[in-house]
Amino acid sequence: MKSITHPAILATLLVALCQPAQAKLNVVATTPDFGAIASSIGGSEVSVTTLAKPTEDPHFVDAKPSFIVKLNHADALVEGGADLEIGWLPALLDQSRNPKLAAGAPGRIACSQGVELVEVPSTLDRSKGDIHAAGNPHYLTDPFNAKAVARHIAEAFAQLDPKSAQVYNGNLKKFNDLLDAKLTEWQTLLAPFKDQQVVAYHDSWPYFSRRFSLKIDLFLEPKPGIPPTPVHLAEVILRMRSDHIHVIMVEPYQNRKTAQTVAADTGATVVDVTQFPGGVKATESGYIELMDYNIRAIARALAGAKQAALRSDKSFAAK
Ligand SMILES: [Zn+2]
């Protein structure tokens, strides 16, 4: 009986079966924002595992023994740097005994390199409890910094895996094009609220406020990493009243009840935002979707506050 399989097809199949599967670059990211950008750049050429959950405080991540195994098997580690993970990552790295992730090795990708940090203290004093001792590490809240980080990751991946350099460069271009298109839209959305003040729970947003011309310099925490105290909250309430601040931003791992108490006292709105894809519903898909959610949520809250203020002015004038 004549075979229906063409010899050329058979040969191709045999060659494909005999070739070893192309190993993907095994990447570990510390937090989901870096993980999402690493996935966008790496695409199908990398496998990305993220250590912190999107609902976890990046300064105080619950370090599990399984993290040591993941770090031990990794070809690359994408970390924030700037002391973001100083409270939990160094001990894990020590125990993982992976020379590929040693400081200065090509597999150690510290994303803060090439980013201009703000709020760098002139004198290092951890005794006051401030956990932003190397400057503010929440730089990814500015999409321009996300572009710098994406470029850094693409270059590092290309160095570790030269055969896929073209893929990484192509993905970088796609990421930048999407981000550029969104940036114009985001700036338009927030333009009506130029210089408006917003309260945040933690000092996570200085890069964001600078990029989008908002003022976010009043926090429910007396210092980054120090929980709110009644005395400090009383001061915040006074300032919110005197400066007419009507929006409080809260992230998933922060105490929403504290924010609600302050909001009830000042007539403010609490808005849920997140630095991490998946921290709030509809932000799971990636960095761009995350920023899109945050910007729309903040614009909506500020628009609501503006209307409420107008209504109260009108009712005052009518009296
Ligand atoms: Zn912080």
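Each remark here, short or long, concerns the structure printed above.
Participant: Any chance you could explain the overall build of the protein chain here in plain terms?
Facilitator: A count of helical and extended segments in the protein chain gives 10 helices and 8 strands. Here the protein chain holds 319 residues, and 48% of them are scored as buried. At a minimum sequence separation of 6, the contacts of the protein chain that also span at least 24 residues come to 63%. When the accessible surface of the protein chain is totalled, it reaches about 16100 Å², and 57% of it is carbon and sulfur.

Participant: What should I look at first to understand the pairing of strand β3 (residues 76-79) in this one?
Facilitator: Each regular strand displays side chains that alternate between the two surfaces of the sheet. Residues A76 and V78 line one face of β3 and the alternating positions L77 and E79 line the opposite face, and both faces are buried. Relative to β3, strand β1 (residues 25-29) is paired through 3 bridges, and the arrangement is parallel. If you follow V28 over to β3, its bridge partner there is L77. Direction of pairing for β3 relative to strand β4 (residues 108-110): parallel, over a ladder of 3 bridges. From the neighbouring strand, V78 faces β4, where its bridge partner is I109. In this region the chain leaves β3, passes through helix α4 (residues 89-96) and returns to the parallel neighbour β4; the handedness of that crossover is right-handed.

Participant: Hey, could you run me through the packing of aromatic side chains in this one?
Facilitator: What describes a pair of aromatic rings is the distance from one ring centre to the other and the angle between the planes of the rings. Applying the stated criterion to the full structure yields 6 aromatic pairs. For the pair F208 and F212, a centre-to-centre distance of 5.0 Å together with 50 degrees between the ring planes defines the contact as tilted. When sorted by exposure, F208 lands in the same class as F212, which is buried. Over the ring of F144 we find R211; its NZ or CZ atom is 3.8 Å from the centre of that ring.

Participant: Can you help me understand the packing of helix α3 (residues 65-73) against α4 in this one?
Facilitator: When two helices pack together, their arrangement is captured by the angle between the axes and the distance separating the axes. For the pair α3 and α4, interaxial distance at closest approach is 8 Å and the crossing angle is 60 degrees. It follows from the interaxial angle that α3 and α4 lie oblique. Handedness of the crossing formed by α3 with α4: right-handed. Here α3 contributes F67, I68, L71 and N72 to the contact with α4, which in turn contributes L89, L92, L93, Q95 and S96. Looking at the contact of α3 with α4 residue by residue, the class counts come to 6 nonpolar, 3 polar and no charged.

Participant: Sorry if this is basic, but what is going on with the sheet that holds β1 here?
Facilitator: Within a beta sheet, neighbouring strands are joined by backbone hydrogen bonds and run either parallel or antiparallel to one another. Within the open sheet, the 4 strands sit side by side as β2-β1-β3-β4. Their pairing is parallel. The two strands at the open ends of the sheet, each matched to only one other strand, are β2 (46-50) and β4. Across the sheet, the mean angle separating the axes of adjacent strands is 20 degrees when strand polarity is ignored.

Participant: Please clarify how the sheet that holds strand β8 (residues 269-272) should be interpreted in this entry.
Facilitator: Strand order in this open sheet of 4 strands is β6-β5-β7-β8, and the pairing throughout is parallel. Edge positions in the sheet fall to β6 (215-219) and β8, since each has one partner strand and no second. With direction set aside, neighbouring strand axes in the sheet form an average angle of 35 degrees. Running over the sheet, helix α8 (residues 230-243) touches β5 (197-200), β6 and β7 (247-250) and is turned about 145 degrees from β6.

Participant: Whenever I open this one, the pattern of salt bridges confuses me. Can you help?
Facilitator: Side chains bearing opposite charge may pair, as long as their charged atoms lie close to each other. On inspection of all chains with the given rule, the structure shows 14 salt bridges. Across the pair K173 and D177 runs a salt bridge whose closest N-O atoms are separated by 2.7 Å. Of this pair, K173 and D177 both sit in helix α6 (residues 165-190), 4 residues apart, which is roughly one turn of the helix. For K173, a relative accessible area of 51% corresponds to the exposed category. The partner of D195 in a salt bridge is K194, with the nearest N and O atoms 3.6 Å apart. Look at D195 and you get partly exposed, because its relative accessible area is 45%. Classification of K194 as exposed rests on a relative accessible area of 54%. Each of K182, E185, D292 and R296 takes part in salt bridges that share partners, so that together they form one network.

Participant: Hey, could you run me through the side chain of T258 in this one?
Facilitator: On the secondary structure map, T258 appears in helix α9 (residues 256-266). Not counting residues up to four positions away in its chain, the partners in contact with T258 are Y201, P228 and L233.

Participant: Whenever I open this one, unusual backbone geometry confuses me. Can you help?
Facilitator: Most peptide bonds adopt trans geometry, and most residues besides glycine take a negative phi value. Despite not being glycine, D83 has its phi angle at roughly 70 degrees, a positive value. Relative to the elements of secondary structure, D83 occurs in the loop between β3 and α4. What makes D83 partly exposed here is its relative accessible area of 21%. Phi is positive for E119, close to 60 degrees, though the residue is something other than glycine. On the secondary structure map, E119 appears in the loop between β4 and α5 (143-160).

Criteria and thresholds
Residues numbered from 1 in each chain as written. Predicted model: local features only at pLDDT ≥ 70, side-chain atom pairs only at ≥ 80, totals over all residues. Heavy atoms only, no water. Helix = DSSP H or I, 4+ residues; strand = E, 2+ residues; numbered from the N terminus. Buried < 20%, exposed > 50% of the residue type's maximum accessible area, 1.4 Å probe, protein only. Contact = heavy atoms within 4.5 Å. Areas by Shrake-Rupley, 256 points an atom, 1.4 Å probe, with all protein chains shown as cover. Pairing = 2+ DSSP bridges. Right-handed = clockwise from strand over helix to strand, strands pointing away. Phe/Tyr/Trp six-rings, centres within 6.5 Å; stacked < 30°, edge-to-face > 60°. Lys NZ or Arg CZ within 6 Å of the ring centre and 35° of its normal. Axes fitted to C-alpha atoms, helices over the stretch in contact; angles between N-to-C directions. Parallel < 35°, antiparallel > 145°, perpendicular 65-115°, else oblique. Left-handed = near helix turned anticlockwise from the far one by under 90°. Nonpolar A, V, L, I, M, F, W, Y, C, P; charged D, E, K, R; others polar. Salt bridge = Lys/Arg side-chain N within 4 Å of Asp/Glu carboxyl O.

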